[in-house]
Amino acid sequence: VGSEMCIRDSNKAHYNLGVALYLKGDLEAAASESKLAISLDPNDLEGYNTLGLIYKKGNKTPEAIEIFRKALAINPAHSQTHYNLALLLEEDEKIEEAIFHYQKFIELSKFETNQALIEKVKNHLKQIALP
């Protein structure tokens, strides 16, 4: 149990450092720390989402999409990951797939508190929906 706690603590330390570096604007170091956190806990959903956001901010869309897909493989019911992936897919002009993930976000978010974002996504879907 002791070594598991040590790995978990180390994972969180690298995750937190990655977030701090991301907020500071050091995307390369932030990505490195996030990858290290994920290597310590391959099921770290927060780590994958942070790495995806780092890639998104660094205009590495294909890498970000891949990371968000990996996060959804860990937890397909994570609404924020669906939202993050939908934004990138839309940006990458993969509209049908983006619509699917926006809809999953809405479906999975119905009990969450961020109703303003849910309404914004619903309205956005009306604008991008294919005829």
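Quick note: structure is the one above.
Reading the values: the criteria
Residues numbered from 1 in each chain as written. Predicted model: local features only at pLDDT ≥ 70, side-chain atom pairs only at ≥ 80, totals over all residues. Heavy atoms only, no water. Axes fitted to C-alpha atoms, helices over the stretch in contact; angles between N-to-C directions. Helix = DSSP H or I, 4+ residues; strand = E, 2+ residues; numbered from the N terminus. Parallel < 35°, antiparallel > 145°, perpendicular 65-115°, else oblique. Left-handed = near helix turned anticlockwise from the far one by under 90°. Contact = heavy atoms within 4.5 Å. Nonpolar A, V, L, I, M, F, W, Y, C, P; charged D, E, K, R; others polar. Phe/Tyr/Trp six-rings, centres within 6.5 Å; stacked < 30°, edge-to-face > 60°. Buried < 20%, exposed > 50% of the residue type's maximum accessible area, 1.4 Å probe, protein only. Lys NZ or Arg CZ within 6 Å of the ring centre and 35° of its normal. Salt bridge = Lys/Arg side-chain N within 4 Å of Asp/Glu carboxyl O. Core = buried A, V, L, I, M, F, W, Y, C linked by side-chain atoms within 4.5 Å. Polar contact = N/O pair within 3.5 Å; in protein donor to acceptor, adjacent residues only side chain to side chain. Expected span 1.5 Å × (residues − 1).

Two elements in contact, helix H2 (residues 27-40) and helix H3 (residues 45-57), have axes separated by 9 Å at closest approach and are oriented at 160°. Accordingly, the angle class assigned to the pair H2 and H3 is roughly antiparallel. The two elements H2 and H3 meet at a crossing, and its hand is left-handed. Contact with H2, carried on its side by Leu-27, Ala-30, Ala-31, Ser-34, Lys-35 and Ile-38, involves Gly-47, Tyr-48, Thr-50, Leu-51, Ile-54, Tyr-55 and Lys-57 of H3 and no other residues of that element. Residues of the contact of H2 with H3, tallied by class, amount to eight nonpolar, three polar and two charged.

Let us now look at the packing of aromatic side chains. Counted by the stated rule, this structure contains two aromatic pairs. Measuring from centroid to centroid gives 5.1 Å for Tyr-83 and Phe-105, while their planes differ by 45°, and the two rings are tilted. Pair noted here: Tyr-83 is in helix H5 (residues 79-91) and Phe-105 is in helix H6 (residues 95-109), with a separation of 22 residues, a long-range link. In terms of burial, Tyr-83 and Phe-105 fall into one category: buried. Chaining the aromatic ring pairs together yields one cluster made of Tyr-83, Tyr-102 and Phe-105. Between the NZ or CZ atom of Lys-12 and the centre of the ring of Tyr-15, over which it lies, the distance is 5.1 Å. The lysine or arginine in question, Lys-57, covers the ring of Tyr-22, its NZ or CZ lying 5.2 Å from the ring centre.

This part is about the pattern of salt bridges. Scanning the model with the defined rule gives six salt bridges in all. Close ionic contact of Lys-70 with Glu-66 constitutes a salt bridge, the shortest N to O distance being 3.4 Å. Taken together, the residues Lys-70 and Glu-66, both in helix H4 (residues 61-74) and four residues apart, mark about one turn of the helix. Note on Glu-66: relative accessible area 42%, which makes it partly exposed.

Let us look at the nonpolar core. Counting 30 residues, the largest nonpolar core has Tyr-102, Phe-105 and Val-121 as its most contacted members. Elements supplying a minimum of two residues to this core: H2, H3, H4, H5, H6 and helix H7 (115-128). Ranked by the residues each element gives to this core, the list is headed by H4, at six residues. Discounting residues that sit within four places of it in the chain, Val-121 has contacts with Tyr-83, Tyr-102, Phe-105 and Ile-106.

A word on the side chain of Asn-84. In this structure, Asn-84 sits in helix H5. Looking at Asn-84, the relative accessible area reads 8%, which means it is buried. A distance of 3.4 Å separates a polar atom in the side chain of Asn-84 from a polar atom in the side chain of Asn-49. In contact with Asn-84, not counting residues within four places along its chain, are Asn-49, Leu-53 and Phe-68.

For H5, built from 13 residues, the straight-helix expectation of 18 Å at 1.5 Å per residue is met to within 8% by its first-to-last C-alpha distance of 19 Å. Turning to H5, its buried residues number three or more, namely Ser-79, Thr-81, His-82, Tyr-83, Asn-84, Leu-85, Ala-86, Leu-88 and Leu-89. With its phi angle positive at about 65°, Glu-93 sits one or two positions after the end of H5.

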